[in-house]
Amino acid sequence: MWNRVEHTAREVFGTFGFGEIRPPIFEPTELFARAVGGETDIVSKEMYSFEDRPADLPANVAGAFGPDYARQLFSGHEKGEIPNSLSNRIALKEIRQRLEEIDTEYPKMRLGSADASAEAIEKYNSLLQRLAYLISRVSLGELVSLRPEATASVCRAYIEHNMHAWPQPVKLYYTGPMFRRERPQKGRYRQFYQIGAEVLETVQQGQGGAKDIPKDAAVDAEVIEMVMAFFGRLELQGVQLEINSIGHNSPDCRRGYVEKLKAALVEVKDKLGEDSRRRIETNPLRVLDSKLEHEQAIIATLPRIGDHLCDDCKSHYAELKRQLDLRGVKCHENWRLVRGLDYYMRTTFEITAQGLGSQNAVCGGGRYDGLVELLGGPPTKGIGFAIGEDRLILSLQEARKEVASGEGRVASGKIGRDVYIAWMGKTSEETAIRAAQKLRTAGLRVELPPVEQKFGKALGQADKLGSRYALILGDDEVASGQWTLKTLADGSQKKMGEAELVEFLKGARALSG
Ligand code: AMP
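Worth saying up front: this structure is predicted, and the values here are computed from it rather than measured.

Reading guide: rules and limits
- Residues numbered from 1 in each chain as written.
- Predicted model: local features only at pLDDT ≥ 70, side-chain atom pairs only at ≥ 80, totals over all residues.
- Heavy atoms only, no water.
- Helix = DSSP H or I, 4+ residues; strand = E, 2+ residues; numbered from the N terminus.
- Rg over C-alpha atoms; globule rule 2.2 N^0.38 Å.
- Buried < 20%, exposed > 50% of the residue type's maximum accessible area, 1.4 Å probe, protein only.
- Contact = heavy atoms within 4.5 Å.
- Areas by Shrake-Rupley, 256 points an atom, 1.4 Å probe, with all protein chains shown as cover.
- Lys, Arg positive; Asp, Glu negative; His and termini not counted.
- Charge placed at Lys NZ, Arg CZ, Asp CG, Glu CD.
- Arc of directions from axis to C-beta.
- Polar contact = N/O pair within 3.5 Å; in protein donor to acceptor, adjacent residues only side chain to side chain.
- Near = heavy atom within 4 Å.
- Nonpolar A, V, L, I, M, F, W, Y, C, P; charged D, E, K, R; others polar.
- Pairing = 2+ DSSP bridges.
- Axes fitted to C-alpha atoms, helices over the stretch in contact; angles between N-to-C directions.

Things to note about the overall build of the protein chain
- Within the protein chain, the regular secondary structure consists of 19 helices and 16 strands.
- The globule rule puts the C-alpha radius of gyration for 513 residues at 24 Å, and the 32 Å found for the protein chain is more than 25% above it.
- Considering only C-alpha atoms, the protein chain reaches an extent of 90 × 80 × 50 Å along its principal axes.
- Put simply, the protein chain has 513 residues, and 45% of those count as buried.
- For the protein chain, long-range pairs separated by at least 24 residues make up 72% of all intrachain contacts whose partners lie at least 6 apart in sequence.
- Here the protein chain displays about 26,400 Å² of accessible surface, and carbon together with sulfur accounts for 51% of that area.
- Averaging the positions of the 71 positive and the 73 negative side-chain charges in the protein chain gives two centres separated by 2 Å.

Concerning helix H2 (residues 29-37)
- Inspection of H2 places Thr29, Leu31, Phe32, Ala35, Val36 and Gly37 among the buried residues, and these make up the whole buried set. Across the axial projection of H2, the buried residues extend over an arc of 165°, all falling on one side.
- On its buried face, H2 sits against strand S2 (26-28), helix H3 (41-46), strand S3 (49-51), strand S4 (143-146), helix H8 (151-160) and helix H14 (371-374).

Structural notes on the environment of Asp220
- For Asp220, the location among the structural elements is in helix H9 (residues 213-233).
- For the pair Asp220 and Gly365, spaced 145 residues apart in sequence, the C-alpha separation works out to 9.8 Å.
- Reaching out from Asp220, the side chain makes a polar contact with the side chain of His316 at a distance of 3.1 Å.
- Among the polar contacts listed, one links the side chain of Asp220 to the side chain of Arg367, at a separation of 2.6 Å.

Remarks on the side chain of Lys486
- Within the secondary structure, Lys486 sits in strand S15 (residues 483-487).
- A polar contact of 3.5 Å, which involves the side chain of Lys486, links it to the backbone oxygen of Gly491.
- In this structure, Lys486 is in contact with Leu459, Arg468, Tyr469, Ala470, Ile472, Gly491, Ser492 and Gln493, ignoring residues within four places of it in sequence.

Some points on the site of the ligand
- Around the ligand there are 13 residues in total, and Arg180, Glu182, Tyr189, Gln194 and Ala361 lie nearest to it.
- Here a nitrogen atom of the ligand and a side-chain polar atom of Glu182 are 2.6 Å apart.
- Against a free-state accessible area of 490 Å², the protein chains account for coverage of 84% of the ligand.
- Within the residue set of the shell around the ligand, elements represented by two or more residues are strand S6 (191-202), strand S10 (361-367) and strand S11 (380-388).
- Sorting elements by how many residues they give to the shell around the ligand places S10 first, with 3 residues.
- Tallied by class, residues from the shell around the ligand come to 6 nonpolar, 3 polar and 4 charged.

Comments concerning the sheet that holds strand S13 (residues 446-447)
- Strand order in this open sheet of 5 strands is S13-S12-S14-S15-S16, and the pairing throughout is mixed. Here the strands that pair on one side only, and so sit at the sheet edges, are S13 and strand S16 (493-496).
- Of the pairings in the sheet, the one linking S15 to S16 comprises 4 bridges and is antiparallel in character. Bridge pairing in S16 links Leu485 to Lys494.
- Across the sheet, helix H16 (residues 428-441) lies against strand S12 (417-423), S13, strand S14 (467-473) and S15, angled at about 170° from S12, the strand it touches most.

From the geometry alone we can't say anything about function, so treat these as descriptive.
Rendered as structure tokens:
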């Protein structure tokens, strides 16, 4: 199923002109801090981060601390392998002093001398402790993180590889694992998989502005149409698309709205839960995300962004809806669908599917025109989405279970075989191996038992593996060159020569797809 989903994504995205990008699994933490936002839960709580270090320096773990390790730090620093930051210089300076103390005052102890006084040993130990502490303060290298999402990496790659010089827009998709330290539950994992896509387009001189609105809205609509086509091809059930416009980061648009929202939230502060109360100051838009039962009626009375969009954002949103309609994409408007970061703008969308309980979002996406520039690139428009592949597959499996139980059986998920080769007798071993090679070359799924089996056992095994045919090769078949093919569904048998049999099975495989 994972293969089918990924294969279908490649196929469908390919028909929309998207090419694959494979960003790395880890990147400098700073990239995510900037792109995803240092204040977000993802960056502040959920990232798996660690300090990189020079290749020849052992990991900074307990036991490695000590004078010899400290000396390696100096050479790493001199060679420029360890960051020359102020805090490192301060720590290294004191380390040098302590090392000198050890070298001048306690040289014998370092060699394990036994005649030291108790007082001297204690002093020496506390010196070593201080040294260990100082060593732990030295930052060995860049802080890197397992990626919690891939948009930041795609934008980084766009800049690093000068993709603004490619024919525009650049359309890329990716698949792969993402990592977030979350409380695991059904549909929420610490290593999960996303399939995502981004459309990036650098704004050429003299372009951009209000006249781009129809084009931008059409690009957004096509991206959404592509996800919906993908889900349609997979026959995902209960698909619901919600859209919203979150305007853009300006006083006459979103910023003005956020001020009004904040004022309204302050009015109802006492009726809100602790999280929402905190968010009034940190990120008022996120209050709209709240799932708390008792907050729903209050949120319904709050000002809505749709009433506060600037003219350009309003016409972009209207055009998006017209474009979706033209493409036959059905959607619901949800004014509470928001994104917490400044560079997100205008289009936001989310897609839910059935069979997932409370974690029912399978896809989230939106426009992020400011991101590439924020990361040091040229002014570039962006729109993209990320699909939660685990959830997508969960939903597909749930739907399959329903169909299967309706038919009185539960799908087992076994990998079927086209042909099981039931060979017996010494003379048939070589023929069986050759037959397997021929049939596999022809693209058939073949099971060749490693040792000969009794006829009944072979057929039982063929049945268990879900084979369509059993090719029976005994001494008679080898001698006559007429092989026996048994159709397992009805038990019928026929005899055929080798070439005829290969052709027959190839035809049967093509018919069954
Ligand atoms: P996001 O990158 O947070 O916008 O998430 C996009 C999609 O990824 C969501 O709609 C989910 O389907 C999926 N997703 C996000 N976090 C997780 C997780 N921890 N486990 C499984 N799927 C996730």
